[in-house]
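# Chain and residue survey
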Amino acid sequence: MIPSWDLNWPAWVVIILFGAAVGSFLNVVIYRLPHRQSLLHPPSHCRSCGTRLRALDLIPVLSYVLLRGRCRYCGKSFSPRYAIVELATGLLAAAAVYTCGLGLYAVGVFVCLCALIVVIYVDLDHMIIPDETVVVILIVGLLFDCRQMLQQGTEQLISFHERFGPELYPEIYSEYLVYLPRSIVGALVGAGVFLFITWFFTALMRKPVMGMGDVKLAGAMGAILGPGYGFFVYFLLSIIIGAVISVALIALRIRSRRDYIPFGPMMALAGMVMLLAADIVVPLVLQFYRI
Ligand SMILES: [Zn+2]
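Values in this document were obtained by computation on a predicted structure and should not be read as measured data.

### Examining the overall build of the protein
Helix and strand counts for the protein come out as nine helices and two strands. When the helices and strands of the protein are placed in sequence order, the string is α-α-α-α-α-β-β-α-α-α-α. Here the protein, with 291 residues, has 38% of them falling under the buried criterion. Summarising the internal contacts of the protein: among those between residues at least 6 apart in sequence, 64% fall at separations of at least 24. Element-wise, carbon and sulfur atoms account for 67% of the exposed surface of the protein, whose accessible area totals about 17300 Å². Distance from the positive charge centre (21 side chains) to the negative charge centre (16 side chains) of the protein: 19 Å.

Okay, structure coming up:
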């Protein structure tokens, strides 16, 4: 792993360009995944005139700016979203390397950030969270846990103190510890908490407040953050972000009070904050919590 302060500016430019190129692929994923289309075939084409786009039309962000957001062949304007996703992915790649250093861990964090970008846009467009995005985050969470177990041994495992009471079985009286991996307990706690909330509020308000996609995403984030303070702060953060954005959308009359506002994008934003800045956010939130 190369620490981020050892990287010079050309290295940062390469990281951002690499991220933007990945962002270009994420645009394809965001559009095709909910339609169950192949991510590789056919190659990128204008959705209006069908012309296959060349390398020159596909340079992240730059092509959009140079062509003023229009198709070179038919003149139809593209949504600025493509350029926004490319730019955001480029900056998130830099943020991942900045916080984790240049190494395999940063790659894992960046993969999760990419999955969360897909969650935001697919949930906004289709009100679903694709299982593929959840599985990607879950796998990264399990791999991170394996890495920590290899480095720190059983310290990284969650231990439960169990005891057979002498009252019941005096002849086999014993105490022992049961060890369970952090990621698996985290996934169960994360999904369990959200499943309970979904059930409770659906029963209370007699309309769905969250979907099963949100429950699965919470489980995957639990695998990354573990069942402790990390997940607790993540949970608070998604509610705070959700409340702020919902109030803003209603105040700005973009959505009405009766509209269903998907919770997946809020959970994804909170997840991004936790992946990049848990060291800062967790102590900050717990400070308020203790008062
Ligand atoms: Zn066109």
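### Remarks on the domain arrangement of the protein
When its domains are assigned, the protein resolves into domain 1 (1–102) and domain 2 (132–291). Placing a centre on the C-alpha atoms of domain 1 and another on those of domain 2 gives a separation of 30 Å.

### Some points on the nonpolar core
Ile117, Ile137, Phe194, Leu217 and Tyr234 are the most contacted members of the largest nonpolar core, which totals 64 residues. For this core, the secondary structure elements donating two or more residues are helix H1 (9–32), helix H3 (81–100), helix H4 (104–126), helix H5 (131–152), helix H6 (182–205), helix H7 (212–225), helix H8 (229–251) and helix H9 (264–290). In terms of residue count, the dominant contributor to this core is H4 (14 residues). Mapping this core onto the domain boundaries places at least three of its residues in each of domain 1 (1–102) and domain 2 (132–291).

### Let's talk about the packing of aromatic side chains
Working definition: an aromatic ring pair is given by the centre-to-centre distance plus the angle between the planes. Under the counting rule described, the total for this entry stands at 10 aromatic pairs. An angle of 85° between the planes, with centres 6.5 Å apart, marks the rings of Phe78 and Tyr82 as edge-to-face. With relative accessibility at 27%, the residue Phe78 sits in the partly exposed group. Each ring, one from Phe231 and one from Tyr234, has its centre 5.6 Å from the other, and the planes form 55°; the classification is tilted. With Phe231 and Tyr234 both in helix H8 and three residues apart, the pair spans about one turn of that helix. For the pair shown, Phe231 and Tyr234 are each scored as buried. Through pairs of rings, three or more aromatic residues link up here, namely Phe194, Phe231, Tyr234 and Phe235. Here Arg47 stacks its cationic end above the ring of Tyr31, 3.4 Å away from the centre of that ring.

Rules of the game
Residues numbered from 1 in each chain as written. Predicted model: local features only at pLDDT ≥ 70, side-chain atom pairs only at ≥ 80, totals over all residues. Heavy atoms only, no water. Helix = DSSP H or I, 4+ residues; strand = E, 2+ residues; numbered from the N terminus. Buried < 20%, exposed > 50% of the residue type's maximum accessible area, 1.4 Å probe, protein only. Contact = heavy atoms within 4.5 Å. Areas by Shrake-Rupley, 256 points an atom, 1.4 Å probe, with all protein chains shown as cover. Lys, Arg positive; Asp, Glu negative; His and termini not counted. Charge placed at Lys NZ, Arg CZ, Asp CG, Glu CD. Domains from an automatic or database assignment. Core = buried A, V, L, I, M, F, W, Y, C linked by side-chain atoms within 4.5 Å. Phe/Tyr/Trp six-rings, centres within 6.5 Å; stacked < 30°, edge-to-face > 60°. Lys NZ or Arg CZ within 6 Å of the ring centre and 35° of its normal.

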